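So you can see what is in the structure, the chains are spelled out below.
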Amino acid sequence: MSNQTLNLDDTLYRYVLAQSLREVPAQTALREKTRSHEFARMQISPEQGQFMALLVKLMGARRTIEIGVFTGYSALSVALALPEDGMVLACDINDAYTKIGQPFWEQAGVARKIDLRLAPALETLDACLAAGQAGQYDFAFIDADKPAYDGYYERCLALLRVGGLIAIDNTLWSGQVAAAATTPETAALQALNTKLHHDERIDLSLLPIGDGLTLARKR
Ligand code: SAM
Ligand code: CA
């Protein structure tokens, strides 16, 4: 017994998946398709997708934001958890990545819920704010270029309603956040983690799931 989070070895990780993972066929197929991609490691893990889907359902979220789509597994997981009139405002700059995912969004019957915006995410978010959409979103997932995370966080906080939730990925950065920063990515994540710890605008939890997932609920 331990009061610390258990270290998952391969055997226990396989057990977690075998005993709890519930994917629709399109999710499994998209993971299979992405597996051979040179940047496959960028995809969130399936149990994290399932966890985010549960959060979205718990909140009754309808309007959501995703920053960093890649081949679309996280967008697919969230879209599947949304009601019929729900939507994911999905931001990425790389058409070659997102094209891989689109047939699987179609296969799952949720493509109409995913509004893909191919532009730098800061531009897309600023356009939403300029269009008067502050306070109109329920949930946001931040998973793109780390040095811009603080800019994404501030814009998402403005776009969310009170009680809305921001999930920020990779906040443990393979453990590198706990040592002196040697890259701009590590420094940016460290600065954001420190800022969030003392940010009175949110309720906070840093979960050691995947590569670290920070949950920030707008007060
Ligand atoms: N959430 C995805 C998943 O579960 O498969 C993984 C996202 S991957 C870690 C990061 C993505 O951010 C890449 O697809 C990349 O093209 C995108 N990206 C990088 N810089 C960006 C920017 N300035 N604006 C929007 N997307 C960006
Ligand atoms: Ca990530």
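All of the points below concern the structure found in this document. Predicted, not measured: the structure shown is a model, and the values here were computed from it.

With that out of the way, let us pick up the pattern of salt bridges. In total, this model carries 16 salt bridges according to the counting rule given. For Arg112, the salt bridge is made with Glu84, and the minimal N-O distance between the two is 2.3 Å. Of this pair, Arg112 sits in the loop between α5 (95-107) and β3 (114-118) while Glu84 sits in the loop between α4 (73-81) and β2 (87-92), and the two are 28 residues apart along the sequence. Judged by relative accessible area, Arg112 falls into the exposed class, the value being 54%. In this structure, a network of salt bridges that share partners links the residues Asp150, Glu154, Lys195, Asp199 and Arg201.

Attention shifts here to the coordination of the calcium ion (ligand 2). Every protein donor of the calcium ion (ligand 2) is accounted for by Asp143 (OD), Asp143 (OD), Asp169 (OD) and Asn170 (OD1), and the metal-donor separations fall at 2.2 to 3.0 Å. Each donor residue of the calcium ion (ligand 2) belongs to the same chain, with the gaps between them written as D-x25-D-N. Judged on exposure class, the residue Asp169 and its partner Asn170 are both buried.

Below, the discussion takes up the site of ligand 1. Neighbouring residues of ligand 1: 20 residues in total, closest Gly68, Ser74, Asp92, Ala121 and Asp143. One of the backbone N or O atoms of Phe70 is found 3.2 Å from an oxygen atom in ligand 1. For ligand 1, a nitrogen atom lies 3.3 Å from a polar atom in the side chain of Tyr152. Against a free-state accessible area of 610 Å², the protein chains account for coverage of 89% of ligand 1. The cavity where ligand 1 resides is the largest pocket.

Moving on, we get to empty space enclosed by the protein. The gaps left among the atoms become clear once a water-sized probe is rolled over them. Counted by the stated rule, this structure contains one cavity of 30 Å³ or more. Considering only enclosed or pocket space, the largest cavity measures out at about 60 Å³ in volume. What lines the largest cavity is Met42, Gln43, Ile44, Gly68, Val69, Phe70, Thr71, Gly72, Tyr73, Ser74 and Asp143.

Calculation notes
Residues numbered from 1 in each chain as written. Chains lettered and ligands numbered in written order. Predicted model: local features only at pLDDT ≥ 70, side-chain atom pairs only at ≥ 80, totals over all residues. Heavy atoms only, no water. Salt bridge = Lys/Arg side-chain N within 4 Å of Asp/Glu carboxyl O. Helix = DSSP H or I, 4+ residues; strand = E, 2+ residues; numbered from the N terminus. Buried < 20%, exposed > 50% of the residue type's maximum accessible area, 1.4 Å probe, protein only. Donors = N, O, S within 2.8 Å, 3.2 Å for Na, K, Ca; no water. Near = heavy atom within 4 Å. Polar contact = N/O pair within 3.5 Å; in protein donor to acceptor, adjacent residues only side chain to side chain. Areas by Shrake-Rupley, 256 points an atom, 1.4 Å probe, with all protein chains shown as cover. 1 Å grid on protein atoms, 1.4 Å probe; cavity = no way out; pocket = protein on both sides within 12 Å on 5 of 7 lines; lining within 4 Å. Sits in = over half its atoms within 2 Å of the grid points. Points joined across faces, edges and corners; volume = space filled by probe spheres on them.

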